[in-house]
Amino acid sequence: MNNKNIIFPNYEHCILNTITSILKYYNVETKYNGLLELDNQLKANYRNIVLVILDGMGHQILNNISPNNFFSKNLITKLTTVCPSTTTAAITTYYSGKPPIETGWIAMSQYFKEYGRAIEMLRKTDSYTYEPLKDYNKDIYDLIKYTPIYKQIEEASPKVKAYEILPNFCEPHSKRSINADDIETLCESIKSICTNKDNNFILAYNNNPDTLLHKFGCSSNEVKKFILNAEKNIEKLCYELKNTNTLLIISSDHGHKDIEKVYKIIDIKEIQDCIIMPPSLESRVVTFWVKEDKKQKFEEYFENNLKNEFILFTKDQFLEKNLLGFGDKHKKIDDFLGNYIAISIGNSILKLGTEISKNIPEKKSTHCGFTRDEMEVPLIIKKL
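**Some points on the packing of aromatic side chains**
Aromatic ring pairs are described here by two measures, namely the spacing of the ring centres and the angle between the planes.
Here is step 1 of the chain: Under the criterion given, the structure shown has 17 aromatic pairs.
Here is step 2 of the chain: Measuring from centroid to centroid gives 6.3 Å for Y11 and F326, while their planes differ by 85 degrees, and the two rings are edge-to-face. With Y11 in the segment before α1 (15-25) and F326 in the loop between α14 (315-320) and α15 (333-336), the pair connects residues that are 315 residues apart, well separated along the chain.
Here is step 3 of the chain: With relative accessibility at 7%, the residue Y11 sits in the buried group.
Here is step 4 of the chain: Positioned above the aromatic ring of Y163, the side-chain terminus of R176 is 5.9 Å from the ring centre.

Written out as structure tokens, the structure is:
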């Protein structure tokens, strides 16, 4: 793969800076920098600030599907996401105003020593059996909690009402939470809030096109249909919100990459001989706990077999490069990371699993890697 197609997170021009600009607009104290392009837009006073996140709508996907329509015409810039390029890390950055190094939210599956198992972070289920976690003395979220931006905004600017709009299956983060499972309901909810007489902040999240991308792939008709429909409905919303003193911001959490090859870790004897416990995180960002006397063998296997597909970091290298961002390292980071981390730069995945794992269908497209397709997201802005 050409180096120009490998993108590392830029924590001076990424989704963290987007939410930081909004927080600063509402007088929230933060040590991070805002985004110049958005700061310039926020010099005016708005009654409503609306941030719409369409999960998985990377810049490349948007450019391929709809290069000349409403979204692209109002594109201000493209940004990087955080590392890893996945919803768990990225959406938590939006929700907290902090990078993954500070939140501890890194990837879908993280190993908790307190429970003796890898846990699906957004579902709170066992990563291998999908068994729900219940009757435990402490909720996992108590170990990695943060202050949501909704509370931060309302405390810093008491005259502002902060709303979230999200699908029914998502756990709420705001006391003003509205469920919307489709774009039409999402837009109607935004319209209803923005046409009241209050000062409002809204973060509206939809889990597509990500869900469709995983199932059907980046070039599928299903994904194209969703994005064009989202564009149509949001453009209609803009017309209906004219002269409401609203700033509408549309972006994403990460992009996507179609998958061509699957390596099942449990079937790779050379790796199994080197590790002391199952790897975790996700299929394009994998952390390994390697035996001290097997490190050379492990590194040689990657060099000889996977160097064109994955970048292999030691834990020290990974942290020294500040790939998770800058700030105070969360106390659980060292638990969640093994002594090696592999991140994809190609079209393949390293499938996690054990002998008790449920057999689930392969995803046609996914994310978490350092390719341009996964790392770049659009920033779209419309004044209303």
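**Notes on the packing of helix α5 (residues 87-96) against helix α8 (residues 149-156)**
Geometry of a packed helix pair, given as the angle between the helix axes and the separation of the axes.
Here is step 1 of the chain: Orientation of α5 relative to α8, taken along the N-to-C sense of each, is 15 degrees, at an axis distance of 7 Å. With respect to their mutual orientation, α5 and α8 come out roughly parallel. Residues Y94, Y95 and S96 of α5 form the contact with α8, whose own contacting residues are I149, Y150 and Q152.
Here is step 2 of the chain: In the contact of α5 with α8, the residues fall into 4 nonpolar, 2 polar and no charged.

**Quick word on the sheet that holds strand β2 (residues 75-80)**
Here is step 1 of the chain: Overall, mixed pairing links the 7 strands, which are arranged β2-β18-β9-β1-β8-β6-β7 in an open sheet. Each of the sheet's edge strands pairs with one partner strand only, and the pair in question is β2 and β7 (177-179). Across the sheet, the axes of successive neighbouring strands diverge by a mean angle of 20 degrees, strand direction being ignored.
Here is step 2 of the chain: Two elements, strand β9 (residues 246-251) and strand β18 (residues 376-383), share 4 bridges in a ladder whose sense is antiparallel. Looking across to β18, one finds that I249 is bridged to I381.
Here is step 3 of the chain: Packed on one face of the sheet, α5 meets β1 (48-54), β8 (199-206) and β9 and runs near 175 degrees to β8.
Here is step 4 of the chain: Helix-sheet contacts for α8 involve β6 (160-166) and β8, and the interaxial angle to β6 is about 165 degrees.

**Let's talk about the layout of surface pockets**
Here is step 1 of the chain: If you add up the space inside the second largest pocket, you get close to 180 Å³.
Here is step 2 of the chain: Along the walls of the second largest pocket sit Q60, I61, N64, I65, C218, S219, H256, K257, D258, E260, N347 and D373, which together make up its complete lining.
Here is step 3 of the chain: Elements that contribute at least two residues to the lining of the second largest pocket include exactly α3 (59-65) and β10 (257-258).
Here is step 4 of the chain: No other element matches α3, which puts 4 residues into the lining of the second largest pocket.
Here is step 5 of the chain: Taken together, the residues that form the lining of the second largest pocket break down as 3 nonpolar, 5 polar and 4 charged.

**What about the pattern of salt bridges?**
Here is step 1 of the chain: For the structure on display, the rule yields 25 salt bridges.
Here is step 2 of the chain: Put simply, R117 and D126 hold a salt bridge, and the shortest N to O gap is 3.3 Å.
Here is step 3 of the chain: A relative accessible area of 18% places R117 in the buried class.
Here is step 4 of the chain: By relative accessible area, D126 is classed as buried at 7%.
Here is step 5 of the chain: For D198, the salt bridge identified is with K161, shortest N-O distance 3.3 Å. One end of the pair, D198, is in the loop between α9 (183-194) and β8; the other, K161, is in strand β6, with 37 residues separating them in the sequence.
Here is step 6 of the chain: Assessed through its relative accessible area of 26%, D198 is described here as partly exposed.
Here is step 7 of the chain: Linked through salt bridges whose partners overlap, the residues forming this network are K113, E114, K332 and D335.

**Regarding the nonpolar core**
Here is step 1 of the chain: Residues F201 and L203 are the most contacted members of the largest nonpolar core, which totals 70 residues.
Here is step 2 of the chain: Excluding residues within four positions of it along the chain, L203 makes contact with L51, I53, Y94, Y95, I149, Y150, Y163, E164 and I165.
Here is step 3 of the chain: Counting residues in hydrophobic clusters, the runner-up holds 34 residues, among them I65, I183, F226 and A230.

**Let's talk about the pairing of strand β15 (residues 340-344)**
Here is step 1 of the chain: Burial of β15 is extensive: 5 of the 5 residues sit out of reach of the surface.
Here is step 2 of the chain: The alternating pattern of β15 places Y340, A342 and S344 on one face and I341 and I343 on the opposite face, and all of these are buried.
Here is step 3 of the chain: In this structure, strand β13 (residues 285-288) lies alongside β15, joined through 4 bridges in antiparallel fashion. Residue pairing for β15: V285 is matched across the bridge by I343.
Here is step 4 of the chain: Where strand β14 (residues 310-314) and β15 come together, 5 bridges link them in antiparallel fashion. Bridging from a neighbouring strand, I311 pairs with I343 of β15.

Rules behind the numbers
- Residues numbered from 1 in each chain as written.
- Predicted model: local features only at pLDDT ≥ 70, side-chain atom pairs only at ≥ 80, totals over all residues.
- Heavy atoms only, no water.
- Phe/Tyr/Trp six-rings, centres within 6.5 Å; stacked < 30°, edge-to-face > 60°.
- Helix = DSSP H or I, 4+ residues; strand = E, 2+ residues; numbered from the N terminus.
- Buried < 20%, exposed > 50% of the residue type's maximum accessible area, 1.4 Å probe, protein only.
- Lys NZ or Arg CZ within 6 Å of the ring centre and 35° of its normal.
- Axes fitted to C-alpha atoms, helices over the stretch in contact; angles between N-to-C directions.
- Parallel < 35°, antiparallel > 145°, perpendicular 65-115°, else oblique.
- Contact = heavy atoms within 4.5 Å.
- Nonpolar A, V, L, I, M, F, W, Y, C, P; charged D, E, K, R; others polar.
- Pairing = 2+ DSSP bridges.
- 1 Å grid on protein atoms, 1.4 Å probe; cavity = no way out; pocket = protein on both sides within 12 Å on 5 of 7 lines; lining within 4 Å.
- Points joined across faces, edges and corners; volume = space filled by probe spheres on them.
- Salt bridge = Lys/Arg side-chain N within 4 Å of Asp/Glu carboxyl O.
- Core = buried A, V, L, I, M, F, W, Y, C linked by side-chain atoms within 4.5 Å.

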